[in-house]
Amino acid sequence: MAITIWRLCGRAPNSRQLLVTACFLFLFWCLSLYRVTTINQSRESDLLKAEIIRLSENYVRALARENSDIVDGPYAGRFTAYDLKKTIAVLLESMLDRIDHLEAKVNITKLGGLFALSSNSSQHLNNNVNPAKGIINAEEGIGSWLFGRIRLALGFDVINGVTEECALTAEDKQLFPNCEGKVMWMRQMWKSDPCYGAYGVDGSECSFVMYLSEVEGWCPKKAWRGKVQIIPEDTKLIRYANISTDIEELMKVLVDPNERQGYAWIRMRIRRMWPRFSKAMKSLQLKQDMNGRRKKKILVHLGLLSKQSGWKFAESQFKGGPLGELVQWSDLVATLFLLGHQLTITSEAEQLAGILNKLPAANSPCQSRKELPVDIIYTDIVGLRQFKKHVKGGYGKFSKIQNSCLLRIVDSFGTEPAYNLRSWAKAHKILTTWGGQDLQPQQFFTMFPHSPDNSFMGFVVEQHLNDTNVVKIERRNQALVYGKNEYMWEDNELVQGKAAYLEVIKSLVEIHGTVYIDTEAKNKTHTIPSYVNNHGLLNGEDLHTLLRQSKIFIGLGFPYEGPAPLEAIANGAVFINPKFNPPHSSKNTKFFKGKPTERKLTSQHPYAEQFLGEPYVYTIDIKNIQQVKDTVARILHRNEFNPYMPYEYTEEGMLQRMNAYIEHQNFCQFQKQPAKWPPNSAVKFILGGKGVSCKDACWAKNLICDPSHFRDINSKESLLENGATCAQSKEITGILYPSFNTVTNECEIQKEEFLFSCVGEHLELQRLCPCRNYIKVQTALCQGCEV
């Protein structure tokens, strides 16, 4: 044999010798096939097969030495030609026959490693995978399935003359816009970590597409499987969320991690409000079907309470410190638990690192969301920074776009798309320490529904007084000032003219305050007027009693958008809401510097101004003394102090809203497809006027801009259908598109989907806007979207 002679001579075969050997093998195969087809004798057929295998083994080894530096794919090499496929196919078939025989003898139940197939899984795979139709069982592991698919492709497809098909069609590239770029990245970086090889990546294009479709989800499965039909999931394995009203079980989860007692205020609020929350949960169950919901594994990380934040929220929670954020976190924790989801709560970076660094393959860049132990992560910007800084390798599971989709950022004032996309913000010099997170804008959850690009989480307006107590409380001719810290009473850059404003009110009603006075501060000049009856910091019940006694709740212009005005209105006090002219924003107010928004506040409390209004809220210019006097006189003359609670700020309203988000919001979908929620039936497309933002264009029609449907109308055809008269179109990157340019008569299409935005206007542009209806008392949800 030629190969034996080459070995004895100590020389490696050259290309000419290999060609001669190949010709010899081809002639031998032809004769063998002739004999197999003409002589129907199983014994001779077995002998011929054995001879082919022996010769093929020698040929493969010789060819492998010459082509040792050539990268080979799953079942195709760049220079190995089709005969090597046939050879490998026959060899593997023989090897697999032997393996199956051995497995049957020793009854191996499981082999170690991601791709090892047991006799049971092998049989299961053969029963549930049809290589012609591309049908798989959804319960099979990704690694095992990939190995099994390659085995079947080799064993059947190759012998039958089927060539590999992993090419991306034009439709694939359109539906999966990131796929092509990820394949390019894999070409350069697939050797950067051995985990890619463990998933079967070997340098071939097909292995890239296999990995990116099956593991990371960037590419379409049909690009290499063909028509995909997923076998229905076994419902017996699904864990369902059952309503849970046992507060002691929640308290076992809400355990303070250190001596600072950071959760003390949160625990107190939850215990105090639990009876109302439990009652609201039962009421919601009667209104809508709460069965059949999947139980989610949810991680809640309160970064603002950590020592590393430096904010000292824990230390100041009983000393007049800001409580708006703690209110929101308290109500979120209670809501998630009542809805029946599995909670893990942390507040220190060490806790977070301890949990996430224990995850499987925490230091590996190859992650499948199926491996993750959580379905949703609620945190804040401080917590997000701690993920990046302290968790190290564990953060790799969430820092990638495909896994950062699990994040929900509690963000009181909101983050606009222009500030969120780091590359855009940096290029336009608006990058702030709070922005540049590269999340989908709806992953930011706000305290009030002021930013339609974000999701409205909200909180619950607490009601301390029961009906019996309320009857006994007499309304007095007094007003309570909204300002628990002395600096809020000072005339400053935020609001001027406060002293004269209070003097006018004092002439008509008695003024009370609940200001925290730091008695230990030395040489401090107190700014509280002597005519103010200051009660100091009060507990919840005493504060609400004082609100019930008062006719007016006096806004001083700061703090912005807190929960206190809604508590006052819920107790029947009328809120005087200071108007801002010009509006306060990052361009003229120090407080908003660095915040990732250009939102313009027209008053201290825009929600009260826009969604409530008279007779519960009077928004006035407090520097206009005559207007102040007339407004107070009008309030007193009406003598109507009826409590009002917006449904969206009740326990039931928050439970309904958060349940809808958890059930319907899906930020882990990387395929371009029409938005499923809110449904199309609730959405109307409107071509706004020149220089009008989508937020304002929708609101003018008593609708709310919904950014989830921007993708559906981002085309020239949609603009034409809705009234544009453009002759041509072009793609542009920015927050103003899709839109019609009235100067150039062009349809301008959005190029960067992360910049779809409801805000932003330009004098030359008419913006095409997705506007949805809403439930009047539940603005976050469209009509019919609550279930």
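Residues numbered from 1 in each chain as written. Predicted model: local features only at pLDDT ≥ 70, side-chain atom pairs only at ≥ 80, totals over all residues. Heavy atoms only, no water.

Undergrad: Mind laying out the overall build of the chain, listing which residues take part and the relevant values?
TA: For the chain, the count of helices and strands is 30 helices and 21 strands. Burial statistics for the chain: of 787 residues in total, 52% are counted as buried. Restricting the contact set of the chain to residue pairs at least 6 apart, pairs at least 24 apart contribute 74%. (Helix = DSSP H or I, 4+ residues; strand = E, 2+ residues; numbered from the N terminus. Buried < 20%, exposed > 50% of the residue type's maximum accessible area, 1.4 Å probe, protein only. Contact = heavy atoms within 4.5 Å.)

Undergrad: Give a description of helix H27 (residues 625–638) that names residues and reports values.
TA: For H27, built from 14 residues, the straight-helix expectation of 20 Å at 1.5 Å per residue is met to within 8% by its first-to-last C-alpha distance of 20 Å. The complete set of buried residues in H27 reads Val628, Thr631, Val632 and Ile635. Along the long axis of H27, the arc covered by the buried residues comes to 95°, so they all point the same way. Directly after H27, the chain includes Asn639, whose backbone phi takes a positive value near 55°. (Expected span 1.5 Å × (residues − 1). Arc of directions from axis to C-beta.)

Undergrad: Which residues make up the state of the cysteines, and what values go with them?
TA: Summed over the entire model, instances satisfying the criterion amount to 7 disulfides. Each sulfur in the disulfide pair Cys694 and Cys769 lies 2.1 Å from the other. Judged by the sign of its S-S torsion, about -80°, the bond between Cys694 and Cys769 is left-handed. Placement of the pair is Cys694 in helix H29 (residues 694–700) and Cys769 in strand S21 (residues 765–772), with a sequence separation of 75 residues. (Disulfide = S-S within 2.5 Å.)

Undergrad: Tell me about the sheet that holds strand S6 (residues 407–410), and name the residues and values.
TA: Taken in spatial order, the 6 strands line up as S4-S3-S5-S6-S7-S8 in an open sheet, and their pairing is parallel. On the outer flanks of this sheet lie strand S4 (342–346) and strand S8 (455–456), each paired with one strand and no other. As defined by bridge partners, strand S3 (residues 297–301) adjoins strand S5 (residues 376–379) across 3 bridges and the pair is classed as parallel. Of the residues in S5, the one forming a bridge with Leu299 is Ile377. Across the face of the sheet, helix H15 (residues 324–338) comes into contact with S3, S4, S5, S6 and strand S7 (444–446) while running at roughly 165° to S3. (Pairing = 2+ DSSP bridges. Axes fitted to C-alpha atoms, helices over the stretch in contact; angles between N-to-C directions.)

Undergrad: Any details on the side chain of Gln437? Residues and values, ideally.
TA: Along the chain, Gln437 falls in the loop between helix H21 (422–427) and S7. Beyond its immediate stretch of four places on either side in the chain, Gln437 contacts Ile381, Leu384, Lys388, Asn420 and Phe444.

Undergrad: Describe in detail the pairing of S21, supporting the description with residues and values.
TA: The side chains of a regular strand alternate between both faces of the sheet. In terms of residue burial, S21 counts as a mostly covered element, since 8 of its 8 residues are buried. The alternating pattern of S21 places Leu765, Arg767, Cys769 and Cys771 and Gln766, Leu768, Pro770 and Arg772 on opposite faces, both of which are buried. Inspection of the sheet shows strand S16 (residues 683–690) paired to S21 by 6 bridges, in the antiparallel sense. When the sheet's bridge partners are listed, Lys690 is paired in S21 with Gln766. Both strand S17 (residues 704–705) and S21 contribute to a ladder of 2 bridges, which runs antiparallel. The residue bridging Ile704 from the neighbouring strand is Arg772, located in S21.

Undergrad: Can you explain the environment of Ser739? Please cite residues and give values.
TA: Its place among the elements puts Ser739 in strand S19 (residues 739–741). Measuring from C-alpha to C-alpha, the distance between Ser739 and Cys769 comes to 8.6 Å, with 30 residues separating the pair along the chain. Not counting residues within four places of it along the chain, the set of residues in contact with Ser739 comprises Leu719, Glu746, Cys747, Glu748, Leu765, Gln766, Arg767 and Leu768.

Undergrad: Got a sec to walk through the pattern of salt bridges? Specific residues and values, please.
TA: Under the criterion given, the structure shown has 15 salt bridges. One salt bridge in this structure joins Arg269 and Asp331, with 2.9 Å as the shortest N-O distance. In this pair, Arg269 is assigned in helix H13 (residues 264–287) and Asp331 in helix H15, connecting sequence segments 62 residues apart. Neither Arg269 nor Asp331 differs from the other in exposure class; each is buried. The shortest N-O distance in the salt bridge between Glu640 and Arg638 comes to 3.0 Å. (Salt bridge = Lys/Arg side-chain N within 4 Å of Asp/Glu carboxyl O.)

Undergrad: Could you give an account of the packing of aromatic side chains, naming the residues involved and the relevant values?
TA: Under the defined criterion, the tally for this structure stands at 29 aromatic pairs. On the basis of an interplanar angle of 70° and a centroid distance of 6.3 Å, the ring pair of Tyr378 and Phe445 is categorised as edge-to-face. Of this pair, Tyr378 sits in strand S5 while Phe445 sits in strand S7, and the two are 67 residues apart along the sequence. Tyr378 gets classed as buried once you look at its relative accessible area, which sits at 1%. Three or more aromatic residues link up through ring pairs in this structure, and these residues are Phe448, Phe456, Phe459, Tyr607, Phe611, Tyr649, Trp699 and Tyr774. (Phe/Tyr/Trp six-rings, centres within 6.5 Å; stacked < 30°, edge-to-face > 60°.)

Undergrad: With reference to specific residues and values, describe the side chain of Glu748.
TA: Position of Glu748 relative to the elements: it lies in strand S20 (residues 746–750). This buried residue, Glu748, is left without a salt bridge; Lys730 holds the nearest opposite charge, at 4.3 Å. Only 3.1 Å separates the side chain of Glu748 from the side chain of Asn741, close enough to count as a polar contact. With residues near it in sequence (within four places) discarded, Glu748 still touches Leu719, Lys730, Ile732, Tyr737, Pro738, Ser739, Asn741 and Leu765. (Lys, Arg positive; Asp, Glu negative; His and termini not counted. Polar contact = N/O pair within 3.5 Å; in protein donor to acceptor, adjacent residues only side chain to side chain.)

Undergrad: Go over the nonpolar core, please, and point to the residues and values.
TA: Judged by nonpolar contacts, the single largest core of 73 residues is most densely connected at Ile270, Val300, Trp329 and Tyr378. With sequence-adjacent residues up to four places away left out, Val300 is seen in contact with Trp329, Val333, Leu336, Thr344, Ile345, Thr346 and Tyr378. The next biggest cluster of nonpolar side chains, apart from the first, holds 37 residues, and it includes Leu168, Tyr211, Trp218 and Leu299. (Core = buried A, V, L, I, M, F, W, Y, C linked by side-chain atoms within 4.5 Å.)

Undergrad: Which residues make up unusual backbone geometry, and what values do they have?
TA: Pro678 follows Trp677 through a cis peptide bond whose omega is -5°. Relative to the helices and strands, Pro678 is located in the loop between helix H28 (651–664) and S16. The backbone of Glu561 shows a phi angle near 50°, a positive value even though the residue is not glycine. Turning to its location among the elements, Glu561 is positioned in the loop between strand S12 (552–555) and helix H25 (564–570). Although it is not a glycine, Asn745 sits at a positive phi angle of roughly 60°.

Undergrad: Would you mind going over the packing of helix H23 (residues 498–506) against H27 in detail, with residue names and values included?
TA: Between H23 and H27, the shortest axis-to-axis distance is 9 Å and the interhelical angle comes to 35°. In terms of crossing hand, the pair formed by H23 and H27 is right-handed. Across the interface between the two elements, Ala500, Tyr501, Val504 and Ile505 of H23 pack against Ile625, Val628, Lys629 and Val632 of H27. Class assignment for the residues of the contact of H23 with H27 results in 7 nonpolar, no polar and 1 charged. (Left-handed = near helix turned anticlockwise from the far one by under 90°. Nonpolar A, V, L, I, M, F, W, Y, C, P; charged D, E, K, R; others polar.)

Undergrad: Describe in detail a positive patch on the surface, supporting the description with residues and values.
TA: Together, Arg385, Lys388, Arg422 and Lys426 make up a region of like positive charge exposed at the surface. Broken down by secondary-structure element, the contributors of at least two residues to the positive patch are helix H17 (381–390) and H21. The residue Arg385 is located in helix H17 in this model. The exposure class of Arg385 is partly exposed, given its relative accessible area of 37%. (Patch = residues over 30% accessible without salt bridge, like charges linked within 9 Å, V, L, I, M, F, W, Y side chains within 5 Å. Areas by Shrake-Rupley, 256 points an atom, 1.4 Å probe, with all protein chains shown as cover. Charge placed at Lys NZ, Arg CZ, Asp CG, Glu CD.)

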